[in-house]
Each structure stands twice: as C-alpha cells, then as structure tokens.
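So you can see what is in the structure, the chains are spelled out below.
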Amino acid sequence: MTDQLYQEIILDHYKHPHGRGLRDPYSGEAHHVNPTCGDEITVRVTDDLSDISYDGMGCSISQASASVLHELLKGKPIGEAAKIHEAFVELMQGRGQVEPDEEVLGDGIAFAGVARYPARVKCALLPWMAFKDAAARAGVEVTV
Amino acid sequence: MTAFDVARVREDFPILSREINGHPLVYLDSANTSHKPVQVLDVMRTYWERHNANVSRSVHTLGTESTTAYEDARAKVATFIGARSPDEVVFTKNSTEAINLVAHSLGASVGPGDEVVISEMEHHSNIVPWQLLCERTGATLRWFGITDDGLLDESGLAELINERTRIVSLVHMSNILGTINDVSRIIARAHEVGAQVLLDCSQSVPHLPLDVVELGADLIAFTGHKMLGPTGIGVLWARADLLREMPPFLGGGSMIETVTMERTTYAAPPARFEAGTPPIAEAVGLGAAVDYLSAIGMREIHEHEIELTGYALKTLAGIDGVRVYGPGTPDGRGGTVSFDVAGVHPHDVGQILDDLGVEVRVGHHCARPVCARFGVSSMTRASFYLYNTTAEIDALAAGVEQVKKVFS
Ligand SMILES: Cc1ncc(COP(=O)(O)O)c(C=O)c1O
C-alpha cells in the first residue's frame, strides 16, 4: 500500500536532493515548522526566482517535496511558477481525487499518492508554503 | 486470576481483534493512550442508561445514585494510589489540567526572586504552565538536565534546589525515554528547603504499583485515558493539609460554601477544585479501570512489562542501524522504548509500520527538549501495556526490517 506513497521518484529526490543548501544572494527568506512532527525548512528566493535555495530536516516526503519544488520553480517566469504552485497545492488538497498534469507538475505527479494520506499532506506542503512566504517577502506574489 | 495470562487479558479488549491494512492490529502506542476493556465500557454504558443525573445538587434518586457512583470512583482511585483519604483526590480533565491547577493555585503565592524547578525530561504539559507562571509572577524557572544514559542529572542538586525554590515539578516516568526517575534525593532536598514537590505520574500510575505516602511527593498528577479509562478525566492528588491551604483555580458551581453579591467562601477540598459539572461518567469509568487493574494486580502488570521491555531492548539492539534512547536495560525504566532507524525519518518509519498494522508514535512526543538533548528532531516510540505480547515485538522488528528495505 505504501508503494503508492513511496514512489521511486520520491525516494530518489530524498536520497539525492536537487539544489539543497542555503545560498546568497537572496531577496526573501522564510522558515516554517510543522509543530506536530518538528520538521523544519528554510527557503530563500531571489526576486526573479533565478535561485531558490533551501535547507531543512524532515521526512522523505517533505525533503523530496523541497527538491521537486526547486526543480520545478527555479528560473521560471513568475506567472508560470504561480501556476505550478497552485497546481501542486490543489493536487495535495484533493484527497486523491485530482488527476495531476505531468506537463505542469513534472516529478511533482509522484506526490499524487501522498494526497491519500491526510497526515502526510502537511509534510509535502511544508516547503511550498515556506516558498510562498519567502517569495512574498521578496515582493513576488505566487498566487494566481 | 492468579498467574498473569496475556491471552486472557486480550479477550477483554475488543479493539485488539481489529485488522489494520489487512494485518492484525499490533498496538504499541499505549503511552499515548491505552485501549479500554469491556469492563470499563460496560460500566459507563450502564451509568448512562440507568443512573444519569447531575452530582451533588439533587435530592432525587438518580441524582443520589449518580453522586454515589462519582464519589465511589474517587474512593477507588484513592485506594489505588494509597491516599490517606478520598478527600485528597481531585478530579480534573487530564494531567495537563491538574498541573495547570497547581501552577495557578500553589503558584499564587510565588513572586519575584522565587524559583521553580523542572527538568529537561518533561512533557510540554509540565513545562509550559511553569513558564506561564514565571511570566506572570517574575519568578525564575530552572531545570535539571539529562545524562547521556537518559537519567536526571542530579550533579547540581544542592545548588539547583535552594532556599529560593518554592515548587519542584518533575516527571516520574519519562514518556519518551522510559526512565523511571528515582526522585527520593530530590524530594528530600526540596523538603529540606521548604519547597513543594509535584510529580507528573501520567506514565507511572498506569504501569507500576504506586503508593503516594511511600513516594513522598506533596502532589501528583495523572490522566485516566492512559490507564484503561476514558478521556476527559484526570487526577490531582495532594496531601490533605496542603490542599486545604490552596486557593481555588476555577470558580463556579459546586466549589462554593456560600455566595453573596459581594463575596464567596469556598468549599473544602476536593470540591473547592471541581468547579462546574464534572465529567461524571468518565470518573465512573476510571473507577472501573482501577478495579480492573487492581484485579489483575499492578505488580503482575509491571512484571509483564519488564519482560516485554527486556525483550524489546534486546530485539531492537540486534537490528543493524537501530539506536535506542534511554536506559539500556529494564532496570529503572518502563515499557516505553524510543529509537531511531539510521537514515530514515521517524515519520517514514511510522508510515511503513502502519502499513503492516504496527501502530507506533513518531514525532517529538510533546517533549521537544528531550529530542534536542539527544540531537534529533523526532523519534519513533513503541510503548507497551498489559495486553501486549513478545510476538508483537517480533512484528515490530519485522516492520523495522521492511523500513530498512524500502529506504536502502
Ligand atoms: C509524562 C506526561 N505528562 C503529561 C501528559 C499529558 O497528559 P494529558 O494530555 O492527558 O493531559 C502525558 C501524556 O501525553 C505524559 O506522557
């Protein structure tokens, strides 16, 4: 059953994260904590999204999700990043009823299975919510 | 029942026949909350079906029966912990409320320059009320550290507890390391300087024979749902003479002697601390839980758990990449075993174990400072009770092997 949760893609991103580590310069930073499990993440963004850097500690789902976020949003035009962000959040909040679009979400579609585990949705969303706050602090609105 | 018979015990717990994800339920989370035997469920159902009424305020038959049932439960709890009188037993909502009650009531006489002493081993519910008290009053919060072996570090005892110390509040058995704290030296030192000692017995009262007079603390707190009782009922025990001196916490019905528009005089304990309609059926359920535990015998239960703990410590130590926190042998520890699987986050451990029907707790266990002390953000915890078996620990071990396979 957890095969759906722990897709190869997720485990790969967990074991070999993309773009991990906090970098300078940046225009906005946010630190988010999941109070129930203690997972933490810090996300930094430049105001043109030319770099998104992060560091944190947490489960495979939250860490892989940060890696996928980096892969999907870094260097994207802001309007497009906002669309991807919205699609990912919608997928995660869809209780497993949302059919993900690979064109938009790339490796992010591997998280479709996570949406069926309500206790883990927060793990997957942690980096995305921190990203949104960091972007807002950089003066970038990622809500469409 | 003479010899302890775990198979026989399990028959009393209907939930244990459930399946989880196609596997028999292996419930290893009793430190979080315990399951309830039919004996408790039946008593609560009968209470509601036959006797339901408010307590201490009606002359009618149901009200009298209800009051009798509620007060009988108080007497059972008093006997269970060796209290000198049922009047030393105050019903609360849970341990958390009992500790907050003490922080407000006993804390009312604390002021700037005074000190309150806790430890790094506490559950958040024995940290935050004292932080709040210190913020309100200007008192200073101090604490014992933890040794590498998971024991309270008493090396600074004489300085830490001094003439300025007013209240010492410590966990009796850790909900994360499993350590059963030998608090005798600390209590002796606290009493030497005139401080009161509260013990958080949330994890000890359910699992060990405990006698408040022998223990020597001034107050203890525990919670019904961890000892086969329902949620919504907890206990504050305190020495009668101390309780008589303590001002009320919450104000309302049932805690008064007389009320005029200008002022109120308060009822004697325990009523003084039970404002409003109490959780009556829950208290009755806790009374039934205490009956059940006593019939089996707390010594027998403790011995069964020592066996499970020894087996679990040995089994987990034999798995490559598993690190166990807290004391390494069953001496001075209870059946709560926290561990780490190298390279795998506890959330992921818990998820894969759940897939196999093995229910453990993962996270910081409401004791973040303990995790920080051992340099981790969270742990995986297996905790045992009278209904667990060594076969269930084998299922846990098999599950951990599966975890390692997924994340290899
Ligand atoms: C040591 C300890 N103290 C306090 C509590 C709080 O119990 P409750 O949530 O029932 O108030 C718990 C249980 O979670 C505990 O393990």
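In the block above lies the structure referred to throughout.
The rules behind these values
- Residues numbered from 1 in each chain as written.
- Chains lettered and ligands numbered in written order.
- Predicted model: local features only at pLDDT ≥ 70, side-chain atom pairs only at ≥ 80, totals over all residues.
- Heavy atoms only, no water.
- Core = buried A, V, L, I, M, F, W, Y, C linked by side-chain atoms within 4.5 Å.
- Buried < 20%, exposed > 50% of the residue type's maximum accessible area, 1.4 Å probe, protein only.
- Helix = DSSP H or I, 4+ residues; strand = E, 2+ residues; numbered from the N terminus.
- Domains from an automatic or database assignment.
- Contact = heavy atoms within 4.5 Å.
- Buried area = accessible area lost by both parts, 1.4 Å probe.
- Salt bridge = Lys/Arg side-chain N within 4 Å of Asp/Glu carboxyl O.
- Polar contact = N/O pair within 3.5 Å; in protein donor to acceptor, adjacent residues only side chain to side chain.
- Nonpolar A, V, L, I, M, F, W, Y, C, P; charged D, E, K, R; others polar.
- Near = heavy atom within 4 Å.
- Areas by Shrake-Rupley, 256 points an atom, 1.4 Å probe, with all protein chains shown as cover.
- Phe/Tyr/Trp six-rings, centres within 6.5 Å; stacked < 30°, edge-to-face > 60°.
- Lys NZ or Arg CZ within 6 Å of the ring centre and 35° of its normal.

### Brief notes about the nonpolar core
Most often, soluble globular proteins keep nonpolar side chains buried together rather than apart.
Phase 1: With 76 residues, the main nonpolar core has Leu199, Ile220 and Leu386 of chain B as its most contacted residues.
Phase 2: Per-element accounting of this core gives the leading share, 11 residues, to helix α10 (residues 280-296) of chain B.
Phase 3: Each of two domains, domain 1 (6-30 + 298-407) and domain 2 (41-295) of chain B, supplies a minimum of three residues to this core.
Phase 4: For Leu386 of chain B, the contacting residues outside a window of four places in its chain are Phe4, Val6, Val9, Phe13, Leu228, Tyr292, Ile296, Ile301, His304 and Glu305 of chain B.
Phase 5: Core analysis: the next-biggest nonpolar cluster, separate from the first, contains 73 residues, Ile41, Phe88 and Tyr117 of chain A together with Val344 of chain B among them.

### Description of the interface of chain A and chain B
Phase 1: Taken together, the contact between chain A and chain B spans 21 residues of the former and 17 residues of the latter.
Phase 2: Across the chain A to chain B interface the summed buried area is about 1,500 Å²; carbon plus sulfur atoms make up 51%.
Phase 3: At the surface where chain A touches chain B, the tally comes to 2 salt bridges.
Phase 4: Across the pair Arg120 of chain A and Asp348 of chain B runs a salt bridge, and its minimum N-O distance is 2.9 Å.
Phase 5: Along the contact surface separating chain A from chain B lie 9 residue pairs in polar contact (both at pLDDT 80 or more).
Phase 6: The element contributing the most residues to the side of chain A that touches chain B is helix α1 (residues 8-15) of chain A, with 3 residues.
Phase 7: The class makeup of the residues in the side of chain A that touches chain B is 12 nonpolar, 5 polar and 4 charged.

### Looking at the site of the ligand
Residues and elements named next belong to chain B.
Phase 1: Close to the ligand lie 13 residues, the nearest being Thr96, Asp200, Gln203, Thr223 and Lys226.
Phase 2: At 2.8 Å, a side-chain N or O of Lys226 approaches an oxygen atom of the ligand.
Phase 3: Burial of the ligand by the surrounding chains reaches 89%, relative to a free accessible area of 400 Å².
Phase 4: Residues of the shell around the ligand, tallied by class, amount to 1 nonpolar, 10 polar and 2 charged.

### Some words on the packing of aromatic side chains
Residues and elements named next belong to chain B.
Phase 1: Taken as a whole and assessed by the stated rule, the structure comprises 9 aromatic pairs over all chains.
Phase 2: Arranged with centres 5.8 Å apart and planes meeting at 65°, the rings of Tyr325 and Phe374 form a pair that is edge-to-face. Of this pair, Tyr325 sits in the loop between β13 (322-324) and β14 (336-341) while Phe374 sits in the loop between α13 (368-373) and β17 (379-383), and the two are 49 residues apart along the sequence. Residues Tyr325 and Phe374 agree in their burial class; the two are buried.
Phase 3: What links up through ring pairs into an aromatic cluster is the set Phe13, Tyr292, Tyr385 and Tyr387.
Phase 4: Cation over ring: Arg373 sits above Phe374, and NZ or CZ is 5.0 Å from the ring centre.

Nothing here speaks to function; it is geometry throughout.
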